[in-house]
Amino acid sequence: DQDFDNYFSLLVIAGNETTRHAISNITRALIDQPDQLRMLQENPALIGEGLEELLRWASPVYHFRRTATKDTQLRGKDIKAGDKVVMWFASGNRDDEVFADPYKLDVTRKNVDNVTFGKGSPHQCLGANLARMEIRLLLEELLPRIKDIEITGEVKYVRSNFVNGIKAFPVKVTKA
């Protein structure tokens, strides 16, 4: 019973935490790069098209650790069964071998193959599609209603080496 309860608690917490942190980090990115915000407001179709780029940028989880189940090799490095292996999502989403100009947010970027919610096996977020839908709907409803959004105080981040989250984010919103 405890394992069952813990499993569903994990699903609820993981879905809530990653989605809200992605939304906060996307909002911060759009404030810091207002040209991208304006592009989304002027062309709402870009919200759906640019969602993967926004998720690439936002990376709400820094890493996941797994244990190798068999001997293998990755990029010329030997990994033995039992070795601990860490996937750094934030690093993968800024990989200059995959993304041209990876430190630039570009909502018109095409074929954004991000790793924000995992990449198939061994970890793929069960709620990835729900999170995508929630974030897309929020942006589609919010962006047309705002003229401007600005930071009005200190942005405080969650103290964590696992979650890329914003704890306090004072903003002023001017309605459209």
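Described in the following lines is the structure provided in the data block. The model shown is predicted, which means the values in this text are computed figures rather than measured ones.

### Digging into the overall build of the protein chain
Now for step 1: From N to C terminus, the protein chain includes 5 helices and 8 strands.
Now for step 2: Going from N to C terminus, the protein chain has its helices and strands arranged as α-α-α-β-β-β-β-α-α-β-β-β-β.
Now for step 3: Overall, the C-alpha framework of the protein chain stretches about 55 × 45 × 30 Å when taken along its three principal axes.
Now for step 4: For the protein chain, the residues scored as buried account for 32% of the 176 residues in total.
Now for step 5: Taking contacts inside the protein chain between residues at least 6 apart in sequence as the whole, the part at least 24 apart equals 64%.
Now for step 6: Counting every atom, the protein chain has about 11,100 Å² of accessible surface; 53% of that belongs to carbon and sulfur.
Now for step 7: If you average the places of the 25 positive and of the 25 negative side-chain charges in the protein chain, the two averages end up 3 Å apart.

### Considering helix H5 (residues 128-142)
Now for step 1: Helix length check: H5 (15 residues) gives 21 Å between terminal C-alpha atoms against 21 Å at 1.5 Å per residue, within 8%.
Now for step 2: Within the span of H5, buried status applies to Ala128, Ala131, Ile135 and Leu139. With its buried residues spanning 65° around the axis, H5 presents them on a single face.
Now for step 3: If you follow the buried residues of H5, they end up packed against helix H1 (2-32) and helix H3 (45-58).

Cut-offs applied
Residues numbered from 1 in each chain as written. Predicted model: local features only at pLDDT ≥ 70, side-chain atom pairs only at ≥ 80, totals over all residues. Heavy atoms only, no water. Helix = DSSP H or I, 4+ residues; strand = E, 2+ residues; numbered from the N terminus. Buried < 20%, exposed > 50% of the residue type's maximum accessible area, 1.4 Å probe, protein only. Contact = heavy atoms within 4.5 Å. Areas by Shrake-Rupley, 256 points an atom, 1.4 Å probe, with all protein chains shown as cover. Lys, Arg positive; Asp, Glu negative; His and termini not counted. Charge placed at Lys NZ, Arg CZ, Asp CG, Glu CD. Expected span 1.5 Å × (residues − 1). Arc of directions from axis to C-beta.

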